[in-house]
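Notes for the structure review
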Amino acid sequence: MARPKTPKSLHAPLTESEITAFAALLDDLSERTEQGLSLEHVDGFITALICAPRLVLPNEYFPVLFGENELGIFNDENELEQFMAFFHRRWNQIAQALTAPIESLTDPDALEPLIMDWDGLLKELPPDERAELEASGLPEFASVWAAGFLQVLDAWEADWTLPPDSKDEAFVDEMLDPFYVLVTPHAELTPEERNTRREDYVAMAIWSVHELHDFWRDRGCATTHATVGVAEAPARNAPCPCGSGKKFKQCCGAAEKLH
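Residues numbered from 1 in each chain as written. Predicted model: local features only at pLDDT ≥ 70, side-chain atom pairs only at ≥ 80, totals over all residues. Heavy atoms only, no water.

**Considerations on the packing of aromatic side chains**
In this structure the tally under the stated criterion is 20 aromatic pairs. Plain terms: the ring middles of phenylalanine 215 and tryptophan 216 are 4.9 Å apart, the flat faces sit at 65 degrees to each other, and that makes the pair edge-to-face. Site record: aromatic cluster; members linked through ring pairs are Phe22, Phe45, Tyr61, Phe62, Phe66, Phe74, Phe83, Phe86, Phe87 and Trp91. (Phe/Tyr/Trp six-rings, centres within 6.5 Å; stacked < 30°, edge-to-face > 60°.)

Here it is as structure tokens:
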């Protein structure tokens with residue numbers, strides 16, 4: 001895969017071609033781990049980390065995202081560099097959207113998740129390819145994004161749990177409910193949930209992300225979530241980007257970890 005040119009700023013939003021390259025890279029990485037990675041899943045994962053009650057560090061979340069091999073799933077430093085650039089730029093793009101004052105989801109500054117449009121993709125495919133893809137079983141719209149978001153909640157459930165007597169517990173549950181609906185098989189939904197358009201639940205989930213981001217910060221539960229990312233792989237003697245505190249060459253850049 002050709003490496004994209006390094007952007008002048010890690011706050012530069014990903015272009016359409018870079019989003020495609022990021023998705024292809026994650027598909028390649030998915031074959032090296034049992035976690036199952038995709039652009040939509042990682043986008044939901046990043047989103048939850050940014051609106052979480054506390055700042056979760058890379059040395060905490062990379063093992064959850066990639067599994068026990070962590071950054072060792074990368075073939076070399078160039079591949080790691082490419083991932084880090086994509087990951088941090090998307091992180092900063094989401095963080096910028098969640099800190100922007102918006103009045104509605106039609107606001108150009110509102111969060112726009114990277115959700116696969118399966119119906120649109122199917123319409124563009126030849127009949128034989130479309131039939132093959134449909135036979136493989138396609139995920140419900142936005143279910144993968146919601147699953148990525150909920151992976152963070154499952155991993156750090158205690159952070160998201162309010163005291164039983166908290167008056168805000170019901171609010172947090174209400175904000176999270178659309179995510180659980182999106183990952184629930186259609187046959188298991190209640191009649192009321194089935195009668196609500198899936199797109200409406202996606203809109204509710206997106207609005208919940210904005211609300212949760214502000215909610216935790218109003219309570220003073222979280223610090224900054226801006227990334228201190230690197231557009232290039234770190235030097236061998238530089239601190240490892242996973243946050244372990246070790247030098248890169250002694251951690252994720254060790255020969256046995258970079259395949």
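**A word on the nonpolar core**
Phe66, Phe83, Phe149 and Trp160 are the most contacted members of the largest nonpolar core, which totals 64 residues. Counting residues per element, the ones that place at least two in this core are helix H1 (16-30), helix H2 (39-50), helix H3 (58-66), helix H4 (77-99), helix H7 (143-155), helix H9 (169-183) and helix H11 (198-218). Counting residues per element, this core draws most heavily on H4, at 10 residues. Apart from residues lying up to four places away in sequence, phenylalanine 83 is in contact with Phe22, Leu25, Leu26, Leu29, Phe62, Phe66 and Phe74. (Core = buried A, V, L, I, M, F, W, Y, C linked by side-chain atoms within 4.5 Å. Buried < 20%, exposed > 50% of the residue type's maximum accessible area, 1.4 Å probe, protein only. Helix = DSSP H or I, 4+ residues; strand = E, 2+ residues; numbered from the N terminus. Contact = heavy atoms within 4.5 Å.)

**Description of the confidence of the model for the protein chain**
With 77% of its residues at a pLDDT of 70 or more, the protein chain shows a mean pLDDT of 84. Note that residues 228-233 has pLDDT below 50 and, in this model, 13 contacts with residues that lie over four places away or in other chains. (pLDDT = per-residue confidence, 0-100.)

**Thoughts on the pattern of salt bridges**
This model, assessed by the stated rule, comprises seven salt bridges. For arginine 89, the salt bridge is made with glutamate 18, and the minimal N-O distance between the two is 2.8 Å. Here arginine 89 is found in helix H4, whereas its partner glutamate 18 is found in helix H1, with 71 residues between them in sequence. Take arginine 89: its relative accessible area is 3%, and that puts it in the buried class. Of the charged contacts, one joins aspartate 200 and arginine 197 as a salt bridge, the two residues approaching to 3.1 Å between their closest N and O atoms. Ionic contacts of the salt-bridge type, sharing partners, join the residues Arg54, Glu60 and Asp159 into one network. (Salt bridge = Lys/Arg side-chain N within 4 Å of Asp/Glu carboxyl O.)

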